[in-house]
Amino acid sequence: AQSVTQLDSQVPVFEEAPVELRCNYSSSVSVYLFWYVQYPNQGLQLLLKYLSGSTLVESINGFEAEFNKSQTSFHLRKPSVHISDTAEYFCAVSNDYKLSFGAGTTVTVRA
Amino acid sequence: DAGVIQSPRHEVTEMGQEVTLRCKPISGHNSLFWYRQTMMRGLELLIYFNNNVPIDDSGMPEDRFSAKMPNASFSTLKIQPSEPRDSAVYFCASSPPHGPEAFFGQGTRLTVV
């Protein structure tokens, strides 16, 4: 069995400030890790993924996440957020076909 | 690529009525998933199809829920009879062969009154 814990349910942040969203997972086997973003009234969009190789993965819009096997974490960071980054962010883990999602972190960016 | 297409986007129905949600996966993808999202329970996997065959339906809440995938480009999720506690956003997602990531549709917001 696998599970995901997102440690923060709400993260308010000012525009151009950095943000970190924490994600820890538990699994008895090797996993794939994902971050999805959900804008209001939209579906989930894949933000970035770790499948293998380099433990630091980046998205096209400035987000990055680092896989830490010893700490079973996959935290998401962005050095400078924009108003348009306001959304809900979901961490997910998979070791086969089944994605297990965390409860989500709502990021609200204020000017 | 049009992405995963779901219809309708919104559905309001009365308790006891039958509801059918529809999904067209991304062409070439061979895995299809139905998820339900609620405030209380978050995102839950309802059922997983691989090559049109249901592989895991352990998340289907009860016999009122059923899902079909008659071909590689179409799936339905049916609720009969519907109840107010079925109110949620239902997402369909698909995955390519050998690809663990899932691509989601825009969802169907179901309200049962």
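See the structure shown above.
Presented here is a report on the structure given in the accompanying data block. Within every chain, residues take consecutive numbers counted from 1 along the sequence as written. In the order they appear in the text, chains get letters beginning with A and ligands get numbers beginning with 1. pLDDT decides what is reported in this predicted model: residues at 70 or higher carry local features, side-chain atom pairs at 80 or more are listed and counted, and totals for whole chains, interfaces and linings draw on all residues regardless. Remark: hydrogens and water are excluded; side-chain values derive from all non-hydrogen atoms of the structure.

**Describing the pattern of salt bridges**
Residues and elements named next belong to chain B.
- Within this document, salt bridges are pairs made up of a side-chain nitrogen of Lys or Arg and a carboxyl oxygen of Asp or Glu, the two lying within 4 Å of each other. For the structure on display, the rule yields 12 salt bridges over all chains.
- Notably, a salt bridge pairs Glu44 with Arg36, separated by 3.3 Å at the nearest N-O pair.
- Taken together, the salt bridges that share partners define one network made up of Glu62, Arg64, Glu83, Arg85 and Asp86.

**Overview of the pairing of strand β9 (residues 88–95) of chain B**
Residue and element names in this part refer to chain B.
- Type-normalised accessible area, obtained with a 1.4 Å probe on protein chains alone, sets the label of each residue: buried when under 20%, exposed when over 50%, and partly exposed for intermediate values. The helix and strand labels rest on DSSP assignments: H or I over at least four residues marks a helix, E over at least two residues marks a strand, and numbering proceeds from the N terminus. Burial analysis of β9 places eight of its eight residues in the buried class, the great majority of the element.
- Side chains of β9 alternate between two faces, with Ala88, Tyr90, Cys92 and Ser94 and Val89, Phe91, Ala93 and Ser95 buried alike.
- At least two DSSP bridges between two strands are needed for those strands to be called paired. Across three bridges, the pairing between β9 and strand β11 (residues 108–112) is antiparallel. In the sheet register, Ala88 faces β11, and the bridge partner there is Leu110.
- Pairing of β9 with strand β10 (residues 103–104) involves two bridges; the strand directions are antiparallel. Following the sheet pairing, Ser94 is matched in β10 by Phe103.

**Some points on the sheet that holds strand β8 (residues 74–79) of chain B**
All names here are of chain B.
- The four strands lie next to each other as β1-β3-β8-β7, forming an open sheet whose pairing is antiparallel. Two strands lie at the open edges of the sheet, namely β1 (5–7) and β7 (65–71), each paired on one side alone. Averaged over all pairs of adjacent strands, the angle between strand axes in this sheet comes to 15°, irrespective of strand direction.
- Summarising the sheet, strand β3 (residues 19–24) and β8 pair through five bridges and their orientation is antiparallel. By the bridge assignment, Thr20 is partnered in β8 with Lys78. Angular values range over 0 to 180 degrees, each being the angle between N-to-C directions of two axes fitted as lines to C-alpha atoms, with helices fitted over their stretch in contact.

**Quick look at the environment of Gln17(B)**
- Relative to the assigned elements, Gln17(B) resides in the loop between β2 (10–13) and β3.
- We call two residues contacting when some pair of their heavy atoms lies within 4.5 Å. If near-sequence neighbours (up to four positions away) are discounted, Gln17(B) is found in contact with Ile79(B), Gln80(B), Pro81(B) and Ser82(B).

**A closer look at the state of the cysteines**
- Only a pair of cysteine sulfur atoms within 2.5 Å counts as a disulfide in this structure description. Tallied over the entire structure, the rule returns two disulfides over all chains.
- Note on cysteine connectivity: Cys23(A) is disulfide-linked to Cys91(A), with sulfurs 2.0 Å apart. Judged by the sign of its S-S torsion, about -65°, the bond between Cys23(A) and Cys91(A) is left-handed. Here the residue Cys23(A) occupies a position in strand β4 (residues 23–27), and Cys91(A) occupies one in strand β10 (residues 87–94), the gap between them amounting to 68 residues. Take Cys23(A) and Cys91(A): they sit in the same class, and that class is buried.
- Linked covalently through their sulfurs, Cys23(B) and Cys92(B) form a disulfide whose S-S length is 1.9 Å. Between Cys23(B) and Cys92(B) the sulfur-sulfur dihedral comes to about -70°; the bridge is accordingly left-handed.

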